[in-house]
Amino acid sequence: NHSMPKSSPNLACQQILHPPAHSIGSEECMIEFTPKVVCWNVAFSNDGKLLAACYGSPDNCVRIWYLQDDGSFSLVSTLKGLHTRTVRCCSFAPVSKFYTIATASFDGTVGIWEDTSQGGDNVISDDWDCIAQLEGHDSECKCVVWNASSTLLATCGRDKTVWLWDCCLTGNIGSGGDDGEFECLTILNGHEGDVKSVIFAASHGQFGDGDEICISASYDNSIRVWAEDGGEWYCAKVLTDSHTLWNLAVSPGSTRLISGSADGSIGIYKCYTSLEKEELMLDDKELELERSPNQGFWKFVGRLPHAHQSEVMSISYSSARTGHGRFASCGDSLKIYREAAESTSDHPLIGVHTESKQMDLNTVQWHPYNGSILATGGYDGCVRIWKYGSVKE
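Predicted, not measured: the structure shown is a model, and the values here were computed from it.

Undergrad: How do you make sense of the sheet that holds strand β4 (residues 39-44) when you look at a structure like this?
TA: Strand-to-strand pairing in sheets goes through backbone hydrogen bonds, with the strands running parallel or antiparallel. The strand order β4-β5-β6-β7 describes an open sheet built from four strands, whose pairing is antiparallel. Strands with a single pairing partner mark the edges of an open sheet, and in this sheet they are β4 and β7 (73-79). Direction aside, the axes of adjacent strands within the sheet are offset by 25 degrees on average. Alignment of strand β5 (residues 50-55) against strand β6 (residues 62-67), held across five bridges, turns out to be antiparallel. Note on β6: the bridge partner recorded for A53 is R63.

Right, here's the structure in full:
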């Protein structure tokens, strides 16, 4: 039953994108059916015009919808034929001449796809080509994400590793190699369990000499912060949790990190500058993994202990335009949180602003610039488009 769920006045389901029906038989005797398929992940393109969703068996594909002038989404492309098992994650390159998407699969590979229609009106096409298939992970690849300039790609998986790939996308300024060339830059080891989530964040000059840091979350109950110095990547910080970690999201300014856990809680972390760190009076245990006394410091500052009754399947920060400190989480429901006026960065006070009781959701993603639009995907295979009202108050 794919009826519209009951929702708060501030959060309403606007559109349901169903998996397309399959058919068997001849034209005279044809049967249409919709196979049971799970939607695992959704992602918007950086300009917000495209929405992608990835699916498990038997489809093992990515479907792409186009945002039309009337605000509805229409299916324009299906990327299939590459992955032999579930496509677990997808991510649009933020900077590229053509729309480019990376797909991570349980078959252990990562696909790189380009839409060569060159945008404009031709974006409503099926001109997607797989330009590369990255191999290396020993088993299931669970997450893939681009950095801000689309020059790096991070992947992680069941083999307990994070891989960083050097990327040269078509027409990108500053690419160090030939167009369409991808090379493994380094493999980051240290986690003792499946690495479930990986993201990039700005370093703000606080970690090594690179512009960005990479942050990973694992079934080993830890978050690792990786930084670059002199071209080499190192573990700058290990944050431990008492429960299995499922996912991560970073605030628009990269000064706050949130994590979703298997126990239904959401952890909150703050990035302190090297100068602020001196005022924290850290003990020896907290400092033992510090590579440099002059680097920044990530620290646990709060928790929402009962955000969900079961696993927090996905979390997503809104853009800065939506309002201070707003993010969404999903699992047994969809919730949107906001920060109280008296909240501080050291002692955050965050509460649920609105929610929907829509259950069995695997993924949630905010539109990149329209704070009133969110997308979710779930076990029923449907992608739902949500309208969030009262964005600024």
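Once you've had a look at it, read on.
Undergrad: What is the right way to look at the layout of surface pockets in this model?
TA: Where empty space is left can be seen by rolling a probe of water-molecule size over the atoms. Roughly 1400 Å³ of internal volume is contained in the largest pocket. For the largest pocket, the lining is made up of 50 residues, of which V145, I199, V250, S316 and Q365 are closest to its centre. Sorting the residues of the lining of the largest pocket by element identifies β4, β8 (87-92), β12 (141-146), β16 (195-202), β20 (245-250), β24 (314-317) and β28 (361-366) as the ones contributing at least two each. Looking at the lining of the largest pocket, the element that brings in the most residues is β16, giving seven residues. Its residues placed into classes, the lining of the largest pocket shows 30 nonpolar, 16 polar and four charged.

Undergrad: What am I meant to see in the packing of aromatic side chains here?
TA: When we look at a pair of aromatic rings, we describe it by the centre distance and by the angle of the planes. The full count for this structure, using the stated rule, is eight aromatic pairs. When the centroid spacing of 5.4 Å and the interplanar angle of 20 degrees are considered together, the rings of W163 and W165 count as stacked. The pair formed by W163 and W165 is uniform in burial state, with each residue classed as buried. Taken together, the aromatic side chains of Y317, F327 and Y337 make up a single cluster linked through ring pairs. One residue, R63, lies across the ring of Y55, its end atom 4.6 Å from the ring centre.

Rules used throughout
Chains are numbered independently. Their residues run from 1 in the order of the written sequence. Residue-level local features of this predicted model are given only where pLDDT is at least 70; pairs of side-chain atoms are given and counted only at 80 or more, and the full residue set underlies all totals for whole chains, interfaces and linings. Side-chain measures here rest on the full set of heavy atoms in the structure, leaving out hydrogens and waters. In short, DSSP must find at least two bridges between two strands for them to pair. Helix and strand definitions follow DSSP, with helices as H or I runs of at least four residues and strands as E runs of at least two, each counted in order from the N terminus. Orientation is described by lines fitted to C-alpha atoms, with helices fitted over the stretch in contact, and by angles between N-to-C directions that extend from 0 to 180 degrees. For cavity detection a 1 Å grid was placed over the protein atoms alone, and a set of points counts as a cavity when a 1.4 Å probe fits there but cannot get out; an open set counts as a pocket when protein lies on both sides within 12 Å along at least five of seven lines, with lining residues being those that have an atom within 4 Å of a point. Grid points are joined across faces, edges and corners, and a volume is the space filled by probe spheres set on the points. Note on residue classes: Ala, Val, Leu, Ile, Met, Phe, Trp, Tyr, Cys and Pro are nonpolar, Asp, Glu, Lys and Arg are charged, and everything else, Gly too, is polar. What counts as a ring pair is set by centres within 6.5 Å for rings of Phe, Tyr and Trp (its six-membered ring), and what kind of pair is set by the plane angle: stacked under 30 degrees, edge-to-face over 60, tilted for all other angles. For the exposure calls, accessible area comes from a 1.4 Å probe over protein chains only, and a residue counts as buried if that area is under 20% of its type's maximum, exposed if over 50%, partly exposed in between. As a reminder, the over-ring test applies to NZ of lysine and CZ of arginine, requiring each to be within 6 Å of the ring centre and within 35 degrees of the ring normal.

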